[in-house]
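Inside the fold
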Amino acid sequence: MRYLTFALTKGRLADKTLALLEKTGITCEEMKDKDSRKLIFVNEELKMRFFLAKGPDVPTYVEYGAADIGIVGKDTILEEGRKLYEVMDLGFGACRMCVCGPESAKPLLASNQLIRVATKYPNIAKDYFYNKKHQTVEIIKLNGSIELAPIVGLSEVIVDIVETGSTLRENGLKVLEEVCPLSARMVVNQVSMKMENERISKLIEELREVI
Ligand SMILES: Nc1ncnc2c1ncn2[C@@H]1O[C@H](COP(=O)(O)OP(=O)(O)OP(=O)(O)O)[C@@H](O)[C@H]1O
Ligand SMILES: O=P(O)(O)OC[C@H]1O[C@H](OP(=O)(O)OP(=O)(O)O)[C@H](O)[C@@H]1O
């Protein structure tokens, strides 16, 4: 039997991902050691391999077949636009992709004026405004602390993740429009889905039972 390889997302989603896998009996104790610099972990008994990667890299590993299965946020799946199967909503990591800004930016969203949109998600932002048949927007790519942009005058609005709403509140910003709900998803390589159908289907069933 060949090894089934899992690409898991580092950071916020990691602990919940490992906890969920553990509920189905998929364990990898070594992976919990936060001080370890080891990159790949093997469970010989289950014939499975696991590694943690930056979110945007997870769909890349899965599309190329370097990982059979990935666990990653829906935002990253949409942004990366890779060829893969999204097979399951895992429920955790729930948040929303939103257009946010100061209340004063609301009329701009309904006008024909060109607006600047700062975001870590340029493809999601572009698609959203294109589908809304909105006026052309200028997308400004940032890598973090996106809420700063309208405060310092870099953009009129932002497209970003909202979870509790605290970051917006503490910076005098509001949700102006909702783009889509988000959560962690399981994704599968298109060839692996055929070649390893039995093992992957069994895994999906087991995950369904514990979610
Ligand atoms: N409040 C939140 N903010 C950001 N992402 C969230 C939030 N809640 C859940 N998520 C999910 O967690 C993933 C982001 O995880 P994390 O915050 O570790 O990465 P990141 O901040 O984008 O990475 P980095 O720190 O490398 O820039 C998102 O892709 C999203 O699906
Ligand atoms: O609604 P909230 O619960 O406040 O969560 C949303 C905030 O969390 C994320 O930022 P993150 O902490 O990842 O930092 P970053 O902006 O540097 O990416 C996101 O980009 C928002 O800024």
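The shown structure was predicted, so the numbers you read here are calculated from the model rather than taken from an experiment.

Some points on the site of ligand 1
- Around ligand 1, 13 residues are found, and the nearest of them are Arg12, Lys54, Asp75, Lys120 and Glu163.
- In the model, a nitrogen atom of ligand 1 is placed 2.8 Å from a nitrogen or oxygen of the Glu163 side chain.
- For ligand 1, whose free accessible area comes to 610 Å², the fraction covered by protein is 71%.
- Looking at the shell around ligand 1 residue by residue, the classes come out as three nonpolar, four polar and six charged.
- Of the residues that make up the shell around ligand 1, three or more belong to each of domain 1 (4-93 + 183-210) and domain 2 (95-180).

Some thoughts on a nonpolar patch on the surface
- Where nonpolar side chains cluster on the molecular surface, the patch consists of Leu148, Ile151, Val152 and Leu154 and spans about 350 Å² of accessible area.
- Along the chain, the position of Leu154 falls in the loop between helix H6 (148-152) and strand S9 (157-162).

Structural notes on the domain arrangement of the protein
- What the domain assignment lists for the protein is domain 1 (4-93 + 183-210) and domain 2 (95-180).
- Taken over C-alpha atoms, the centre of domain 1 sits 30 Å from the centre of domain 2.
- Each partner contributes residues to the interface: domain 1 has four residues there, and domain 2 has eight residues.
- Contact between domain 1 and domain 2 buries roughly 570 Å² in total, counting both sides, with carbon and sulfur atoms accounting for 50%.
- The largest share of the area that domain 1 buries against domain 2 comes from Asp75, Leu78 and Glu79, three residues that together contribute 79% of it.
- Along the contact surface separating domain 1 from domain 2 lie zero salt bridges.
- There are four residue pairs in polar contact (both at pLDDT 80 or more) connecting domain 1 and domain 2.

The rules behind the values
- Residues numbered from 1 in each chain as written.
- Chains lettered and ligands numbered in written order.
- Predicted model: local features only at pLDDT ≥ 70, side-chain atom pairs only at ≥ 80, totals over all residues.
- Heavy atoms only, no water.
- Near = heavy atom within 4 Å.
- Polar contact = N/O pair within 3.5 Å; in protein donor to acceptor, adjacent residues only side chain to side chain.
- Areas by Shrake-Rupley, 256 points an atom, 1.4 Å probe, with all protein chains shown as cover.
- Nonpolar A, V, L, I, M, F, W, Y, C, P; charged D, E, K, R; others polar.
- Domains from an automatic or database assignment.
- Patch = residues over 30% accessible without salt bridge, like charges linked within 9 Å, V, L, I, M, F, W, Y side chains within 5 Å.
- Salt bridge = Lys/Arg side-chain N within 4 Å of Asp/Glu carboxyl O.
- Helix = DSSP H or I, 4+ residues; strand = E, 2+ residues; numbered from the N terminus.
- Contact = heavy atoms within 4.5 Å.
- Buried area = accessible area lost by both parts, 1.4 Å probe.

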